[in-house]
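Residues per chain, in single letters:
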Amino acid sequence: MKGISYSRYGGPEVLEYGEVGDPKVGPDQVLVKVRAAAVNPVDWKCREGYLDPVLDAVFPVVPGWDVSGVVVQPGVAVTEFSVGDEVIGYVREDFLSRGTFAEYVAAPVRTLARKPRNLSYEEAAGLPLAGLTAYQVLVKALDIKRGETVLVHAAAGGVGSLAVQIGAHLGARMIGTASERNHDFVRSLGGEPVAYGEGLAERVRALAPEGVDAVFDTIGGDTLKTSANLLAPEGRLASIADAEVLSYGGRYCFVRPDAADLARLAELAEQGVVSVHVQEALPLERTADAHRLSQEGRTRGKIVVTVDWETEEDTA
Ligand SMILES: NC(=O)c1ccc[n+]([C@@H]2O[C@H](COP(=O)([O-])OP(=O)(O)OC[C@H]3O[C@@H](n4cnc5c(N)ncnc54)[C@H](OP(=O)(O)O)[C@@H]3O)[C@@H](O)[C@H]2O)c1
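Note that this is a predicted model, so its numbers are computed, not measured. Along each chain, the written sequence defines residue order, and numbers are assigned to residues from 1. Per-residue local features are limited, in this predicted model, to residues with pLDDT of at least 70; the limit for side-chain atom pairs, both in listing and counting, is 80 or more; totals at the level of whole chains, interfaces and linings are taken over all residues. Water and hydrogen atoms were dropped before computing side-chain values, which therefore reflect all heavy atoms in the structure.

Segments assigned H or I by DSSP are reported as helices when at least four residues long, segments assigned E as strands when at least two residues long, and all are numbered from the N terminus. Within the protein, the regular secondary structure consists of nine helices and 17 strands. Here the radius of gyration uses the C-alpha set of atoms, whereas the globule reference equals 2.2 Å times the residue count to the power 0.38. At 19 Å, the protein has a C-alpha radius of gyration in line with the 20 Å of a compact globule built from 316 residues. Remark: exposure states derive from per-residue accessible area (1.4 Å probe, protein chains only) relative to the maximum for the residue type, with buried under 20%, exposed over 50%, and partly exposed in between. Out of the 316 residues in the protein, the part that is buried amounts to 55%. Looking at the protein alone, contacts between residues at least 24 apart form 68% of all its contacts between residues at least 6 apart. Calculation of accessible area relied on Shrake-Rupley with a 1.4 Å probe; when residues are assessed, cover is drawn exclusively from the protein chains displayed. Element-wise, carbon and sulfur atoms account for 48% of the exposed surface of the protein, whose accessible area totals about 13600 Å². Residues scored as positive are Lys and Arg, those scored as negative are Asp and Glu, and His as well as the terminal groups of each chain are ignored. The atoms used to mark charge sites are NZ of Lys, CZ of Arg, CG of Asp and CD of Glu. Where the 31 positive side-chain charges of the protein centre and where its 45 negative ones centre are 3 Å apart. Should any heavy atoms of two residues lie within 4.5 Å, those residues are counted as being in contact.

To continue, consider the site of the ligand. Around the ligand sit 25 residues, and of these S179, R181, Y196, V255 and T299 come closest. Polar contact is the term for a pair of N or O atoms within 3.5 Å; when the atoms are in protein, one must be able to donate a hydrogen and the other to accept it, and sequence-neighboring residues count only if both atoms are side-chain atoms. Here an oxygen atom of the ligand and a side-chain polar atom of K45 are 2.7 Å apart. G158 is positioned with one of its backbone polar atoms (N or O) 2.8 Å from an oxygen atom of the ligand. Those elements giving two or more residues to the shell around the ligand turn out to be α1 (41-48), α3 (128-141) and α4 (158-169). Among the residues forming the shell around the ligand, the class breakdown is 13 nonpolar, nine polar and three charged. For each residue, the test is whether any non-hydrogen atom lies within 4 Å of the molecule or strand; if one does, the residue is near. When residues are sorted by character, Ala, Val, Leu, Ile, Met, Phe, Trp, Tyr, Cys and Pro go into the nonpolar class, Asp, Glu, Lys and Arg into the charged class, and all the rest, Gly among them, into the polar class.

Printed below as a string of C-alpha coordinates:
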(Lines give C-alpha, C1' and ligand atoms only; values in the text may rest on other atoms or scores of the structure.)
Protein backbone atom coordinates (compact mmCIF):
# COMPACT_ATOMS: atom_id res chain seq x y z
CA MET A 1 0.00 0.00 0.00
CA LYS A 2 0.94 3.64 -0.34
CA GLY A 3 1.68 5.83 2.63
CA ILE A 4 3.92 8.39 4.26
CA SER A 5 7.05 7.32 6.12
CA TYR A 6 10.28 8.66 7.57
CA SER A 7 13.51 6.75 8.15
CA ARG A 8 15.21 9.28 10.40
CA TYR A 9 14.19 12.18 12.61
CA GLY A 10 14.16 15.63 11.01
CA GLY A 11 12.11 18.41 9.41
CA PRO A 12 9.09 17.94 7.12
CA GLU A 13 11.49 17.01 4.27
CA VAL A 14 12.14 13.57 5.84
CA LEU A 15 8.53 12.60 5.05
CA GLU A 16 8.33 10.44 1.94
CA TYR A 17 5.29 9.27 -0.02
CA GLY A 18 5.55 5.76 -1.48
CA GLU A 19 5.20 2.02 -0.81
CA VAL A 20 5.17 1.27 2.91
CA GLY A 21 4.16 -2.41 2.98
CA ASP A 22 0.79 -3.83 4.01
CA PRO A 23 -0.04 -3.92 7.73
CA LYS A 24 -0.65 -7.26 9.48
CA VAL A 25 -4.02 -7.53 11.19
CA GLY A 26 -3.78 -8.79 14.78
CA PRO A 27 -6.49 -10.89 16.44
CA ASP A 28 -7.99 -7.88 18.25
CA GLN A 29 -7.35 -5.36 15.49
CA VAL A 30 -9.35 -4.30 12.47
CA LEU A 31 -7.95 -3.23 9.14
CA VAL A 32 -9.27 0.26 8.42
CA LYS A 33 -9.31 1.71 4.95
CA VAL A 34 -8.25 5.27 5.67
CA ARG A 35 -10.42 8.09 4.34
CA ALA A 36 -8.88 10.90 6.39
CA ALA A 37 -6.20 11.36 9.04
CA ALA A 38 -5.85 14.49 11.15
CA VAL A 39 -2.55 16.19 11.92
CA ASN A 40 -1.70 16.87 15.55
CA PRO A 41 1.29 18.80 16.89
CA VAL A 42 2.55 15.52 18.36
CA ASP A 43 3.06 14.22 14.80
CA TRP A 44 5.76 16.77 14.03
CA LYS A 45 7.14 16.59 17.57
CA CYS A 46 7.65 12.83 17.06
CA ARG A 47 9.09 13.40 13.58
CA GLU A 48 11.63 15.91 14.96
CA GLY A 49 12.66 13.34 17.59
CA TYR A 50 11.43 15.37 20.58
CA LEU A 51 9.62 12.33 22.03
CA ASP A 52 12.58 10.00 21.58
CA PRO A 53 13.33 9.89 25.33
CA VAL A 54 9.88 8.40 26.01
CA LEU A 55 8.83 6.62 22.78
CA ASP A 56 10.79 4.09 20.77
CA ALA A 57 10.71 4.60 17.00
CA VAL A 58 10.76 1.56 14.72
CA PHE A 59 12.05 3.00 11.43
CA PRO A 60 10.72 3.53 8.87
CA VAL A 61 7.91 5.14 10.85
CA VAL A 62 4.49 5.72 9.30
CA PRO A 63 3.31 8.77 11.28
CA GLY A 64 -0.21 9.70 12.42
CA TRP A 65 -2.52 8.71 15.27
CA ASP A 66 -5.93 10.06 14.17
CA VAL A 67 -8.10 8.31 11.62
CA SER A 68 -11.54 8.04 10.06
CA GLY A 69 -12.33 5.29 7.60
CA VAL A 70 -14.07 2.02 6.85
CA VAL A 71 -13.48 -1.45 8.30
CA VAL A 72 -12.33 -3.82 5.56
CA GLN A 73 -11.12 -6.76 7.65
CA PRO A 74 -11.84 -7.49 11.31
CA GLY A 75 -9.22 -9.56 13.16
CA VAL A 76 -10.13 -13.12 14.03
CA ALA A 77 -11.20 -12.33 17.63
CA VAL A 78 -13.11 -9.14 16.86
CA THR A 79 -16.85 -9.07 17.56
CA GLU A 80 -17.34 -5.30 17.87
CA PHE A 81 -16.96 -4.32 14.19
CA SER A 82 -17.87 -5.75 10.79
CA VAL A 83 -16.80 -5.13 7.22
CA GLY A 84 -18.20 -1.80 6.02
CA ASP A 85 -18.51 -0.14 9.44
CA GLU A 86 -17.43 3.49 9.45
CA VAL A 87 -15.06 4.16 12.33
CA ILE A 88 -12.89 6.77 13.97
CA GLY A 89 -9.79 6.08 16.03
CA TYR A 90 -6.99 7.45 18.14
CA VAL A 91 -4.57 4.75 17.05
CA ARG A 92 -1.67 5.28 19.40
CA GLU A 93 0.57 2.38 20.33
CA ASP A 94 3.35 2.68 22.94
CA PHE A 95 6.00 3.11 20.22
CA LEU A 96 6.17 4.74 16.79
CA SER A 97 5.74 2.29 13.97
CA ARG A 98 2.68 2.06 11.76
CA GLY A 99 0.40 5.08 11.93
CA THR A 100 -2.57 6.48 10.06
CA PHE A 101 -1.00 8.51 7.22
CA ALA A 102 -1.39 5.62 4.80
CA GLU A 103 -4.05 3.87 2.75
CA TYR A 104 -4.75 1.35 5.53
CA VAL A 105 -4.06 1.03 9.23
CA ALA A 106 -4.44 -1.97 11.52
CA ALA A 107 -6.18 -0.47 14.55
CA PRO A 108 -6.67 -2.20 17.93
CA VAL A 109 -10.36 -2.32 18.86
CA ARG A 110 -9.59 -0.41 22.09
CA THR A 111 -8.67 2.65 19.95
CA LEU A 112 -11.88 2.78 17.89
CA ALA A 113 -15.51 3.92 17.94
CA ARG A 114 -18.21 4.28 15.32
CA LYS A 115 -17.94 7.40 13.19
CA PRO A 116 -20.59 10.06 13.94
CA ARG A 117 -22.97 9.81 10.98
CA ASN A 118 -23.40 13.58 10.68
CA LEU A 119 -19.69 14.33 10.29
CA SER A 120 -17.74 14.12 7.05
CA TYR A 121 -14.67 11.86 7.06
CA GLU A 122 -12.50 14.99 7.27
CA GLU A 123 -14.36 16.33 10.32
CA ALA A 124 -14.53 12.92 11.96
CA ALA A 125 -10.76 12.43 11.61
CA GLY A 126 -10.22 15.58 13.65
CA LEU A 127 -12.23 14.35 16.60
CA PRO A 128 -10.34 11.47 18.30
CA LEU A 129 -7.02 12.77 19.66
CA ALA A 130 -8.03 16.39 20.26
CA GLY A 131 -11.52 15.46 21.46
CA LEU A 132 -10.31 12.74 23.82
CA THR A 133 -7.74 15.13 25.25
CA ALA A 134 -10.38 17.79 25.87
CA TYR A 135 -12.83 15.26 27.31
CA GLN A 136 -10.36 13.46 29.57
CA VAL A 137 -8.91 16.70 30.96
CA LEU A 138 -12.27 18.39 31.60
CA VAL A 139 -14.19 15.36 32.86
CA LYS A 140 -11.57 13.13 34.45
CA ALA A 141 -8.67 15.38 35.54
CA LEU A 142 -10.50 18.64 36.35
CA ASP A 143 -13.95 17.19 37.14
CA ILE A 144 -15.70 20.30 35.80
CA LYS A 145 -19.10 21.05 37.29
CA ARG A 146 -22.05 23.12 36.09
CA GLY A 147 -21.63 26.80 36.93
CA GLU A 148 -17.83 26.72 37.22
CA THR A 149 -15.54 29.09 35.35
CA VAL A 150 -12.76 27.50 33.32
CA LEU A 151 -9.82 29.19 31.60
CA VAL A 152 -8.68 27.23 28.52
CA HIS A 153 -5.63 28.23 26.51
CA ALA A 154 -5.37 28.10 22.70
CA ALA A 155 -9.15 28.00 22.51
CA ALA A 156 -9.14 28.21 18.71
CA GLY A 157 -6.79 25.24 18.27
CA GLY A 158 -7.60 21.56 17.91
CA VAL A 159 -7.85 20.72 21.60
CA GLY A 160 -9.09 24.13 22.75
CA SER A 161 -11.93 24.39 20.24
CA LEU A 162 -13.29 21.04 21.39
CA ALA A 163 -12.68 21.84 25.07
CA VAL A 164 -14.71 25.05 24.81
CA GLN A 165 -17.66 23.14 23.34
CA ILE A 166 -17.49 20.23 25.79
CA GLY A 167 -17.04 22.55 28.78
CA ALA A 168 -20.00 24.71 27.72
CA HIS A 169 -22.07 21.53 27.37
CA LEU A 170 -21.09 20.58 30.94
CA GLY A 171 -22.56 23.91 32.01
CA ALA A 172 -19.28 25.71 32.65
CA ARG A 173 -18.40 29.26 31.69
CA MET A 174 -15.49 28.85 29.27
CA ILE A 175 -12.99 31.69 28.97
CA GLY A 176 -10.61 30.94 26.11
CA THR A 177 -7.36 32.58 25.01
CA ALA A 178 -6.95 33.30 21.31
CA SER A 179 -5.62 36.04 19.07
CA GLU A 180 -8.09 38.70 17.97
CA ARG A 181 -8.72 37.14 14.54
CA ASN A 182 -10.12 34.04 16.29
CA HIS A 183 -12.40 35.76 18.81
CA ASP A 184 -15.58 35.36 16.77
CA PHE A 185 -14.68 31.71 16.21
CA VAL A 186 -14.28 31.15 19.98
CA ARG A 187 -17.63 32.89 20.58
CA SER A 188 -19.27 30.63 17.99
CA LEU A 189 -18.10 27.64 20.06
CA GLY A 190 -19.74 29.02 23.21
CA GLY A 191 -16.66 30.58 24.79
CA GLU A 192 -15.64 34.06 25.96
CA PRO A 193 -12.43 35.01 24.15
CA VAL A 194 -9.50 36.87 25.72
CA ALA A 195 -6.32 37.89 23.93
CA TYR A 196 -3.19 36.16 25.21
CA GLY A 197 0.23 37.80 25.79
CA GLU A 198 1.04 40.93 27.78
CA GLY A 199 -1.82 41.85 30.13
CA LEU A 200 -3.50 38.42 30.05
CA ALA A 201 -3.82 38.20 33.84
CA GLU A 202 -5.57 41.59 34.06
CA ARG A 203 -7.97 40.69 31.25
CA VAL A 204 -8.92 37.39 32.87
CA ARG A 205 -9.32 39.06 36.30
CA ALA A 206 -11.65 41.60 34.70
CA LEU A 207 -13.87 38.72 33.57
CA ALA A 208 -13.50 36.60 36.73
CA PRO A 209 -12.57 38.86 39.67
CA GLU A 210 -12.81 35.97 42.17
CA GLY A 211 -10.45 33.83 40.10
CA VAL A 212 -11.24 30.84 37.90
CA ASP A 213 -12.25 27.43 39.22
CA ALA A 214 -10.05 25.53 36.78
CA VAL A 215 -7.31 26.10 34.23
CA PHE A 216 -6.79 23.88 31.18
CA ASP A 217 -3.23 24.68 30.07
CA THR A 218 -2.15 23.81 26.54
CA ILE A 219 0.88 26.14 26.36
CA GLY A 220 3.09 25.72 29.44
CA GLY A 221 5.97 27.95 30.58
CA ASP A 222 4.99 31.50 31.53
CA THR A 223 1.38 30.90 30.50
CA LEU A 224 1.18 28.09 33.05
CA LYS A 225 2.75 30.26 35.74
CA THR A 226 0.41 33.19 35.05
CA SER A 227 -2.57 30.83 35.00
CA ALA A 228 -1.73 29.25 38.34
CA ASN A 229 -2.01 32.72 39.87
CA LEU A 230 -5.47 33.21 38.38
CA LEU A 231 -6.99 30.27 40.25
CA ALA A 232 -9.62 30.82 42.91
CA PRO A 233 -8.89 29.17 46.29
CA GLU A 234 -9.30 25.37 45.79
CA GLY A 235 -9.03 25.94 42.03
CA ARG A 236 -7.73 23.03 39.87
CA LEU A 237 -5.01 23.11 37.26
CA ALA A 238 -4.19 20.64 34.48
CA SER A 239 -1.66 20.86 31.68
CA ILE A 240 -1.14 18.83 28.52
CA ALA A 241 1.95 20.82 27.59
CA ASP A 242 4.23 21.18 30.62
CA ALA A 243 5.02 18.66 33.37
CA GLU A 244 6.05 21.65 35.52
CA VAL A 245 2.34 21.77 36.37
CA LEU A 246 3.07 19.13 39.02
CA SER A 247 5.09 21.69 40.98
CA TYR A 248 1.94 23.87 41.17
CA GLY A 249 -0.05 20.96 42.60
CA GLY A 250 -1.79 20.37 39.27
CA ARG A 251 -2.19 17.35 36.99
CA TYR A 252 -0.15 16.53 33.89
CA CYS A 253 -2.29 14.68 31.35
CA PHE A 254 -1.32 12.57 28.35
CA VAL A 255 -4.33 11.51 26.31
CA ARG A 256 -5.11 7.77 26.43
CA PRO A 257 -6.83 5.67 23.80
CA ASP A 258 -10.18 4.77 25.35
CA ALA A 259 -13.00 3.24 23.34
CA ALA A 260 -15.71 4.23 25.85
CA ASP A 261 -14.60 7.88 25.98
CA LEU A 262 -14.38 7.95 22.18
CA ALA A 263 -17.89 6.51 21.83
CA ARG A 264 -19.17 9.21 24.21
CA LEU A 265 -17.48 11.89 22.09
CA ALA A 266 -18.98 10.46 18.93
CA GLU A 267 -22.37 10.62 20.63
CA LEU A 268 -21.81 14.29 21.53
CA ALA A 269 -20.94 14.95 17.89
CA GLU A 270 -24.10 13.19 16.67
CA GLN A 271 -26.16 15.25 19.12
CA GLY A 272 -24.65 18.41 17.63
CA VAL A 273 -22.93 19.30 20.91
CA VAL A 274 -19.45 19.26 19.40
CA SER A 275 -18.44 20.08 15.86
CA VAL A 276 -15.02 19.93 14.25
CA HIS A 277 -13.79 22.88 12.25
CA VAL A 278 -11.50 21.75 9.43
CA GLN A 279 -9.19 24.59 8.48
CA GLU A 280 -7.68 22.72 5.56
CA ALA A 281 -7.78 19.27 3.96
CA LEU A 282 -4.79 18.19 1.87
CA PRO A 283 -4.21 14.97 -0.06
CA LEU A 284 -2.07 12.28 1.63
CA GLU A 285 0.79 13.01 -0.76
CA ARG A 286 1.01 16.51 0.75
CA THR A 287 1.39 15.37 4.37
CA ALA A 288 4.69 17.28 4.62
CA ASP A 289 2.80 20.54 3.86
CA ALA A 290 0.18 19.59 6.43
CA HIS A 291 2.96 19.16 9.02
CA ARG A 292 4.47 22.52 8.05
CA LEU A 293 1.12 24.23 8.52
CA SER A 294 0.56 22.60 11.92
CA GLN A 295 4.07 23.50 13.00
CA GLU A 296 3.32 27.22 12.43
CA GLY A 297 1.12 26.99 15.54
CA ARG A 298 -1.77 29.01 14.09
CA THR A 299 -4.22 26.25 13.25
CA ARG A 300 -7.90 27.06 13.67
CA GLY A 301 -9.60 23.74 14.44
CA LYS A 302 -7.89 20.91 12.56
CA ILE A 303 -5.72 20.23 9.52
CA VAL A 304 -6.41 16.87 7.89
CA VAL A 305 -5.06 14.77 5.04
CA THR A 306 -7.32 12.67 2.86
CA VAL A 307 -6.88 9.49 0.89
CA ASP A 308 -8.60 9.84 -2.46
CA TRP A 309 -9.90 6.41 -3.48
CA GLU A 310 -10.48 6.54 -7.20
CA THR A 311 -13.35 4.20 -7.98
CA GLU A 312 -16.76 3.63 -6.40
CA GLU A 313 -15.81 0.12 -5.19
CA ASP A 314 -12.66 1.57 -3.66
CA THR A 315 -14.67 3.75 -1.34
CA ALA A 316 -16.96 0.98 -0.07
N1 LIG B 1 -0.46 15.73 26.52
C2 LIG B 1 -1.39 15.42 25.62
O3 LIG B 1 -2.03 14.38 25.72
C4 LIG B 1 -1.65 16.34 24.47
C5 LIG B 1 -2.75 16.09 23.64
C6 LIG B 1 -3.03 16.99 22.61
C7 LIG B 1 -2.23 18.12 22.42
N8 LIG B 1 -1.15 18.29 23.24
C9 LIG B 1 -0.30 19.50 23.07
O10 LIG B 1 -1.11 20.63 23.40
C11 LIG B 1 -0.78 21.72 22.55
C12 LIG B 1 -2.04 22.20 21.84
O13 LIG B 1 -2.47 21.18 20.93
P14 LIG B 1 -3.49 21.53 19.75
O15 LIG B 1 -3.67 20.30 18.95
O16 LIG B 1 -4.67 22.23 20.27
O17 LIG B 1 -2.58 22.57 18.93
P18 LIG B 1 -2.96 23.47 17.69
O19 LIG B 1 -4.28 23.08 17.14
O20 LIG B 1 -1.80 23.48 16.78
O21 LIG B 1 -3.10 24.91 18.35
C22 LIG B 1 -3.11 26.01 17.52
C23 LIG B 1 -3.70 27.20 18.26
O24 LIG B 1 -2.79 27.66 19.26
C25 LIG B 1 -3.05 29.03 19.47
N26 LIG B 1 -1.93 29.62 20.13
C27 LIG B 1 -0.63 29.68 19.72
N28 LIG B 1 0.12 30.29 20.68
C29 LIG B 1 -0.71 30.60 21.72
C30 LIG B 1 -0.53 31.22 22.99
N31 LIG B 1 0.67 31.65 23.41
N32 LIG B 1 -1.62 31.36 23.81
C33 LIG B 1 -2.82 30.93 23.41
N34 LIG B 1 -3.07 30.35 22.21
C35 LIG B 1 -2.01 30.19 21.38
C36 LIG B 1 -3.32 29.56 18.08
O37 LIG B 1 -4.24 30.59 18.21
P38 LIG B 1 -4.06 31.97 17.44
O39 LIG B 1 -3.87 31.63 16.00
O40 LIG B 1 -5.34 32.67 17.77
O41 LIG B 1 -2.84 32.61 17.99
C42 LIG B 1 -3.94 28.35 17.34
O43 LIG B 1 -5.33 28.50 17.17
C44 LIG B 1 0.33 21.21 21.63
O45 LIG B 1 1.56 21.55 22.21
C46 LIG B 1 0.15 19.71 21.64
O47 LIG B 1 1.33 19.00 21.35
C48 LIG B 1 -0.84 17.46 24.26
